[in-house]
Amino acid sequence: MSLNTPARAAEPAASWRGLASHWRWPALVLAGYTVLALLYGAQLFVYRASRGEPPNTGEALLTGAIVWYCWAVLTPFILAVARRVAATGKPWPVQLVLHVPPGLFFAVLHLALVAVLRQFVQVPNGGGWPAAWAHFTWMLSKTTDFDLLVYLSVVGLDAALGYSRRMREEAVRASMLEAQLAQAQLHLLRSQLRPHFLFNTLHAISTLMHRDVESADRMVGQLSELLRASLERDGRHEVPLSEELELLSPYLDIERTRFSDRLQVEVDVALEVRDALVPPLLLQPLVENAIRHGIAPRRGPGCVWVRVHREGARLALEVGDDGVGPPPGVTELHEGIGLGSTRARLERLHGAEQSLTWRAQVPSGFVVSLSIPYRSART
């Protein structure tokens, strides 16, 4: 019984929300006509007072209510006609002409309703049907153009609201499509990184297998742990930096085993930024590039470092090495899968608010610097 309670409790709430949504627009239309009725009654009261007639607030407000609530009754039918005309798909000048006959019809119908209600509600002993007919013909000659304008105003307001609603829906649809496109591109970029890293690591294991079987076996276990941790994160475009460091650790163990005493790694990450959100597989491809292109070609031992700290509202990351570095005089770098995918993912996630730069290290080496908005996983 307790398992069904939340669902049963949610049903009345959903029903009330649906009912509120269903009656919202009729309530707004009625409220709008009520405001017009009050303004009409106030205007009529002031007009009669200016002519020296005895003030009668109730009678003036009742006249305003009769005039504008008759329009409230006719509005659903006007909107039905307006949407039939709009469904023709004709240009707006043609639709405007098509609205003239129904506009005149509703104007005359409104004047007839006002005349009858005025005669039998406002002045019930004022002459009956002949007086109602006389009042109707008098208003027909005086206010038909105004009533036609009211009809066209209702049609125009409905068209404007419909256009605004369509624009909002198209904006939401475009935003959803853009988000889906960005998500698909991020998945594609991430799918490029995994096989790139996997093939490089398998090649390292294959090389090590011929000279140190025990170390190669240990690398296979580390690779398994690394792939398991990586696959567990599918679907997330940002992860805490602490998780990224945990993923980086077994990879560094693999590379230390591979290079032995030729590789030294320094990781300097401030405690305050370990909960910062970063794209998954952000550090590993950059460290891999540093080792592959900087340390591996070097004859002697080398160092790779990872530094992360906060600079105000931004998170600064740096991955560098003291390896061979780019050839002298090189000012443009061909970005491979690691660096190119990292740049593309940062652009997709942060747009112009991110930056990725590189520079040659003096006297030798290479440094990649990233800057992204700081966002905490705890908020």
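Above this text you will find the structure in question.
Keep in mind the model is a prediction, meaning the values are calculated, not measured. (Residues numbered from 1 in each chain as written. Predicted model: local features only at pLDDT ≥ 70, side-chain atom pairs only at ≥ 80, totals over all residues. Heavy atoms only, no water.)

Peer 1: How do you make sense of the side chain of Ser369 when you look at a structure like this?
Peer 2: Position of Ser369 relative to the elements: it lies in strand β7 (residues 366-373). For Ser369, the contacting residues outside a window of four places in its chain are Leu317, Glu318, Ser355, Leu356, Thr357 and Arg359. (Helix = DSSP H or I, 4+ residues; strand = E, 2+ residues; numbered from the N terminus. Contact = heavy atoms within 4.5 Å.)

Peer 1: Where do I start with the packing of helix α2 (residues 57-86) against helix α4 (residues 100-122) in this structure?
Peer 2: A pair of packed helices can be characterised by two numbers: the angle between their axes and the separation between those axes. One way to put it is that α2 packs onto α4 with a least axis distance of 10 Å and a crossing angle of 145 degrees. Judged by the sense of rotation from one axis to the other, the crossing of α2 with α4 is right-handed. Facing Glu59, Leu62, Thr63, Ile66, Val67, Cys70, Trp71, Leu74, Phe77, Ile78 and Val81 of α2, the residues of α4 in contact are Pro102, Phe106, Ala107, Leu109, His110, Leu113, Val114, Leu117, Arg118 and Gln122. (Axes fitted to C-alpha atoms, helices over the stretch in contact; angles between N-to-C directions. Left-handed = near helix turned anticlockwise from the far one by under 90°.)

Peer 1: Help me understand the sheet that holds strand β2 (residues 263-269), please; the structure alone is not making it clear to me.
Peer 2: Pairing between sheet strands relies on hydrogen bonds along the backbone, with the strands arranged either parallel or antiparallel. Across the sheet, which stays open at both edges, the five strands sit in the order β2-β4-β5-β7-β6 with mixed pairing between neighbours. At either end of the open sheet lies a strand with only one pairing partner, and these are β2 and β6 (355-360). The mean inter-strand angle of the sheet, taken between neighbouring strand axes irrespective of direction, is 10 degrees. Bridging between strand β4 (residues 302-311) and strand β5 (residues 314-321) involves eight bridges; their strand directions are antiparallel. Bridge pairing in β5 links Trp305 to Gly320. Strands in contact with helix α7 (residues 241-259) are β2 and β4; relative to β2, the strand with the most contacts, it is inclined by about 170 degrees. Each of β2, β4, β5 and β7 is contacted by helix α8 (residues 283-295), which is oriented at about 150 degrees to β4, the strand it contacts most. (Pairing = 2+ DSSP bridges.)

Peer 1: Help me out: how do you make sense of a positive patch on the surface in this one?
Peer 2: Taken together, the side chains of Arg24, Arg165, Arg166 and Arg168 define a basic patch exposed on the protein surface. In terms of residues, the positive patch owes the most to one element, helix α5 (residues 128-209), which gives three residues. (Patch = residues over 30% accessible without salt bridge, like charges linked within 9 Å, V, L, I, M, F, W, Y side chains within 5 Å. Areas by Shrake-Rupley, 256 points an atom, 1.4 Å probe, with all protein chains shown as cover. Salt bridge = Lys/Arg side-chain N within 4 Å of Asp/Glu carboxyl O. Lys, Arg positive; Asp, Glu negative; His and termini not counted. Charge placed at Lys NZ, Arg CZ, Asp CG, Glu CD.)

Peer 1: Quick question: what am I supposed to make of a nonpolar patch on the surface here?
Peer 2: On the surface, Leu62, Val116, Leu117, Phe120, Val121 and Trp129 cluster together into a nonpolar patch covering about 520 Å² of accessible area. With four residues, α4 is the largest single contributor of residues to the nonpolar patch. Examined against the element boundaries, Leu62 turns out to sit in helix α2. A relative accessible area of 33% places Leu62 in the partly exposed class. (Buried < 20%, exposed > 50% of the residue type's maximum accessible area, 1.4 Å probe, protein only.)

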